[in-house]
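Examination of the molecular architecture
Residues per chain are reported as follows:
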Amino acid sequence: MTKDNARDFIRKYGDTARAVCPEVPENVHPHLFRHSCAMSLYRSGVHLTLISEWLGHANFETTLIYAHADTEIKRQAIEKAIPKDSLLSEHIDTERYKVDDDELLKELCGLR
């Protein structure tokens, strides 16, 4: 498959996906799938060194790009670290780590 054929293939299925889910970006490209998969693995708790190996990065620093600040991971980490019955829990507002702004989330995930 040539690069042009691959681009057309991805564009075609990106258009099909967008018809069902308007949030699919106009500029669908292979790296978007790679990044989404890496972020999904990271959010599922897969260690970055394994993700780096899977992605074939020669330099681990490259993989750190995928480990950008994720508000949901932060919120979950705080909730794990501070039990609800802890004296600290009344002073920490995990609600501030929830993002409900869909446009902001799309932008942060490179979907806009």
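See the structure printed just above.
First, a word on scope: everything that follows refers to the structure included in this document. (Residues numbered from 1 in each chain as written. Predicted model: local features only at pLDDT ≥ 70, side-chain atom pairs only at ≥ 80, totals over all residues. Heavy atoms only, no water.)

In terms of regular secondary structure, the protein chain is built from six helices and zero strands. Moving toward the C terminus, one meets the helices and strands of the protein chain in the order α-α-α-α-α-α. Going through the 112 residues of the protein chain one by one, you find that 21% of them count as buried. Across the protein chain, the fraction of contacts at a sequence separation of at least 24, relative to all contacts at a separation of at least 6, is 33%. Approximately 8500 Å² of the protein chain is accessible, and the part contributed by carbon and sulfur atoms is 56%. (Helix = DSSP H or I, 4+ residues; strand = E, 2+ residues; numbered from the N terminus. Buried < 20%, exposed > 50% of the residue type's maximum accessible area, 1.4 Å probe, protein only. Contact = heavy atoms within 4.5 Å. Areas by Shrake-Rupley, 256 points an atom, 1.4 Å probe, with all protein chains shown as cover.)

Counting six residues, the largest nonpolar core is built from Ala38, Met39, Leu48, Ile51, Leu55 and Tyr66. Elements that contribute at least two residues to this core include exactly helix 2 (30-43) and helix 3 (48-55). Sort the elements by how many residues they give to this core and helix 3 lands first, with three residues. What leucine 55 contacts, discounting residues up to four positions off in sequence, is Arg34, Ala38 and Tyr66. (Core = buried A, V, L, I, M, F, W, Y, C linked by side-chain atoms within 4.5 Å.)

Moving on to the pattern of salt bridges. Summed over all chains, the structure comprises three salt bridges. Residues arginine 11 and aspartate 8 are paired through a salt bridge, measuring 3.3 Å at the closest nitrogen-oxygen approach. Here the residue arginine 11 and the residue aspartate 8 both occupy positions in helix 1 (residues 3-20), the gap between them amounting to three residues, near one helical turn. Take arginine 11: its relative accessible area is 44%, and that puts it in the partly exposed class. Between aspartate 15 and arginine 18 there is a salt bridge, with its nearest N and O atoms 2.8 Å apart. In this pair, aspartate 15 and arginine 18 both sit in helix 1, three residues apart, roughly one turn of the helix. Arginine 18 gets classed as buried once you look at its relative accessible area, which sits at 15%. A network of salt bridges, in which partner residues are shared, links Asp15, Arg18 and Glu26. (Salt bridge = Lys/Arg side-chain N within 4 Å of Asp/Glu carboxyl O.)

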